[in-house]
Amino acid sequence: MPELPEVETTRLGLLPKVKGRRIDEVIVRNRRLRWPIPRNFEKMLAGQTVGDVHRRGKYLLWDCGTGFVLSHLGMSGSLRILQAETAALVHDHVDIVFDNSLVVRYHDPRRFGAMLWLAGRELDHPLLDKLGPEPLSSDFDGNYLHAASRGRRTSIKEFIMNGHVVVGVGNIYASEALFMAGIDPRRYAGTISRARCNKLAESIKQTLANAIRAGGSSLRDYVQADGELGYFQSEAQVYGRDEMPCNVCGSHVRSIRQGQRSTYFCATCQK
Ligand SMILES: [Zn+2]
């Protein structure tokens, strides 16, 4: 599933290709995404110029001046940059065709993603209103995490994955950040000390930034190979390493279920 680093990498790949470019045409092959693509979507976008592409959580917001295209990659979506004449394949649901004969093509086998038009300058859409702070911004730090978690009897892993608390900390990065911070993922959020909240906030930032860097460094290859803004997995210390030796202490990495998601951790390194 595309997580924050993949979405940010997609944004960084799209930006130089679409910034300042006019949208000539939009082709919708299938409207049945998580929310149906509105009937007037093609009409609203045609002739618009993309000024910038922002990211909020895992949403990309394409600023067109008179409104925003809101896109989300869902469980299995990708946005690829291709030459306009490239034939569409199955699951290629939307084409945004630009005046430089490039097309941004939205591909999504499971169709849990979104492609919507938000008219006007205000980003007060219900999908965006209740989102927590951006993990890489200065609004998110140990003090914030400490204050937000007091009295919370939910596991710290589920707490940092809650988008109302902080956006974009997906399952892989939650396990990795907790390992980096040496915190047992089963602990109640409300019992983590201020010093450890500081460490955890820094670990979340570092884990996400490393993944974005890894994606960014391979971006040129993705785009040049076949237009694919592909996904990548950063070097995981614990995620997906069930029963393998911990890289730090050699104990077996353990896997448990928390909130229907797999958590990986080292019971020796994480207390
Ligand atoms: Zn260990």
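Residue positions are given per chain, counting from 1 as you read along its sequence in written order. Given that this is a predicted model, residues contribute local features only at a pLDDT of at least 70 and side-chain atom pairs are listed and counted only at 80 or more, while totals for whole chains, interfaces and linings are drawn from all residues. Here the side-chain values reflect all heavy atoms present in the structure, with hydrogen atoms and water set aside.

## Comments concerning the overall build of the chain
A tally of helices and strands in the chain yields eight helices and ten strands. Relative to a compact globule of 271 residues, whose C-alpha radius of gyration would be 18 Å, the chain shows 20 Å and is just as compact. The C-alpha extent of the chain, read off along each of the three principal axes, is 55 × 35 × 30 Å. The buried label applies to any residue whose accessible area, calculated with a 1.4 Å probe on protein chains only, is under 20% of its type's maximum; exposed applies above 50%, and partly exposed to all values in between. Within the span of the chain, comprising 271 residues, buried residues form 51% of the whole. The contact rule is simple, with two residues in contact once any of their heavy atoms fall within 4.5 Å. Nonlocal contacts in the chain, meaning residues at least 24 apart in sequence, comprise 66% of its contacts between residues at least 6 apart. Every accessible area reported is derived by Shrake-Rupley at a probe size of 1.4 Å, with residue values counting cover from the shown protein chains alone. If you sum the accessible surface of the chain, you get close to 12400 Å²; carbon and sulfur atoms cover 49% of it. We treat Lys and Arg as the positive residues and Asp and Glu as the negative residues; His and chain ends play no part in the count. Each charge is placed at NZ for Lys, CZ for Arg, CG for Asp and CD for Glu. Of note, the chain has its 37 positive side-chain charges centred 6 Å away from the centre of its 29 negative side-chain charges. A helix here means a DSSP run of H or I that spans at least four residues, while a strand means a run of E at least two residues long, and both kinds are numbered starting from the N terminus. Restricting the calculation to C-alpha atoms gives the radius of gyration, and the globule rule supplies 2.2 Å times the number of residues raised to the power 0.38.

## Notes on the sheet that holds strand β6 (residues 92-98)
With respect to topology, four strands assemble into an open sheet ordered β1-β6-β7-β5, the strand pairing being antiparallel. Each edge of the sheet is formed by a strand with only one pairing partner; in this case those strands are β1 (23-28) and β5 (78-83). When strand polarity is set aside, the average angle formed by the axes of neighbouring strands in this sheet is 20 degrees. Between any two strands, at least two bridges found by DSSP are needed for them to pair. Of the pairings in the sheet, the one linking β6 to strand β7 (residues 102-107) comprises five bridges and is antiparallel in character. From the neighbouring strand, D95 faces β7, where its bridge partner is R105. Against the sheet, helix α1 (residues 4-18) touches β5, β6 and β7, its axis set at about 30 degrees to β5. Angles shown run from 0 to 180 degrees and are taken between the N-to-C directions of axes, each axis being a line fitted to C-alpha atoms and, for helices, limited to the stretch in contact.

## Here we look at the coordination of the zinc ion
Only N, O and S atoms count as donors, using a 2.8 Å limit from the metal and a wider 3.2 Å limit for Na, K and Ca, and since water is excluded some coordination spheres may look unfilled. Only C246 (SG), C249 (SG), C266 (SG) and C269 (SG) from the protein reach the zinc ion as donors, at distances of 2.2 to 2.4 Å. Classification of the site at the zinc ion as tetrahedral follows from its four donor atoms and the range of 97 to 115 degrees in their angles at the metal. For the zinc ion, all donor residues lie on one chain, and their spacing in sequence is C-x2-C-x16-C-x2-C. Of this pair, C246 sits in the loop between α8 (219-226) and β9 (254-258) while C269 sits in the segment after β10 (261-265), placing them 23 residues apart in sequence. The exposure class of C246 is buried, given its relative accessible area of 5%. Every angle between 85 and 135 degrees makes a four-donor site tetrahedral, while opposite donors more than 155 degrees apart, with all other angles between 65 and 115, make a four-donor site square planar and a six-donor site octahedral; other sites are irregular.

## Examining the sheet that holds strand β8 (residues 114-119)
Where strands meet in a sheet, backbone hydrogen bonds hold them as pairs that are either parallel or antiparallel. Taking strand neighbours across the sheet as the criterion, the four strands line up as β2-β3-β4-β8 in an open arrangement whose pairing is antiparallel. Unpaired on one side and paired on the other, β2 (52-56) and β8 mark the two borders of the sheet. On average, each strand axis in the sheet is tilted by 25 degrees relative to the strand beside it, whichever way the strands run. Both strand β3 (residues 59-63) and strand β4 (residues 67-72) contribute to a ladder of five bridges, which runs antiparallel. Note on β4: the bridge partner recorded for Y59 is H72. Packed onto the sheet, α1 meets β2 and β3 and runs at close to 170 degrees relative to β2.

## Some details on the pattern of salt bridges
Salt bridge, as used here: a side-chain nitrogen of Lys or Arg that lies within 4 Å of a carboxyl oxygen of Asp or Glu. For the structure on display, the rule yields twelve salt bridges. Put simply, R55 and E8 hold a salt bridge, and the shortest N to O gap is 2.7 Å. Here R55 is found in strand β2, whereas its partner E8 is found in helix α1, with 47 residues between them in sequence. No difference in accessibility class separates R55 from E8, as the two residues are buried. D24 is the salt-bridge partner of R22, the closest N and O atoms lying 2.7 Å from each other.

## Some remarks on the pairing of β3
Side-chain direction in a regular strand flips from residue to residue, so the side chains alternate between the two faces of the sheet. Across the five residues of β3, five count as buried, placing the element largely inside the fold. Every second residue of β3 is oriented toward a common face, with Y59, L61 and D63 on one face and L60 and W62 on the other, all of them buried. Where β2 and β3 come together, five bridges link them in antiparallel fashion. Residue pairing across strands places D52 opposite D63, the latter belonging to β3. Turn length for the β2-β3 hairpin, with the two strands adjacent in sequence and antiparallel, is two residues, and the turn residue G57 shows positive phi of about 60 degrees.

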